[in-house]
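# Survey of secondary and tertiary structure
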Amino acid sequence: MAYVLSLPLQLHERDAQLRIVALLSCAEGIVRLHGEALGKAAQLSPALFAKLFGDPVADLQRWPRVPLGELLVRGPQNGLYKHRSDYGSGTPILRIDAFYDGEVRDIASLKRLRLDAPEA
């Protein structure tokens, strides 16, 4: 510990130090505002959902309830199974690796797959 305390430390001139403090204060304010915005968005999302679809618990809109299987044209499947040579161009596809924390990360970077009309 004594060795570290004896090392010389070069300080910036006072004006440079004040600019650094101002910059760090601004960054701290941005981080705080970002946190507040995330909090407000978290409060807003359930309200928007309820406005669009109604309260999922109360079901005031009286949405019909049916088994999921009745809504599917074909049975559920885990995506399309195509040969590796069909990938690289064509239709952008949504895969599990496109999601991060429940949201699509970057639409522009979606993988592409050549599909015929019925598959599309």
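Residues numbered from 1 in each chain as written. Predicted model: local features only at pLDDT ≥ 70, side-chain atom pairs only at ≥ 80, totals over all residues. Heavy atoms only, no water.

### A closer look at the environment of P64
Quick reminder of the rule: Helix and strand definitions here come from DSSP, where helices need a minimum of 4 consecutive H or I residues and strands a minimum of 2 consecutive E residues; each element is numbered from the N-terminal end.
With respect to the helices and strands, the residue P64 is situated in the loop between helix 2 (14-53) and strand 1 (87-92). Through-space distance from the C-alpha of P64 to that of Y81 is 33 Å; in sequence the pair is 17 residues apart.

### Side note on the pattern of salt bridges
What counts, and what does not: Salt bridges are identified by distance alone: a Lys or Arg side-chain nitrogen within 4 Å of an Asp or Glu carboxyl oxygen. Here's how the labels work: a residue is buried when its accessible area is under 20% of the maximum for its type, exposed when over 50%, partly exposed in between, all with a 1.4 Å probe on protein chains only.
For the structure on display, the rule yields five salt bridges. The closest approach of N and O atoms between R95 and D97, which form a salt bridge, is 3.4 Å. For the salt bridge of K111 with D97, the shortest nitrogen-to-oxygen distance reads 3.0 Å. Placement of the pair is K111 in the loop between strand 3 (103-104) and strand 4 (112-113) and D97 in the loop between strand 1 and strand 2 (99-100), with a sequence separation of 14 residues. The exposure class assigned to K111 is partly exposed, which follows from its relative accessible area of 40%. Each of R95, D97 and K111 takes part in a single network of salt bridges with overlapping partners.

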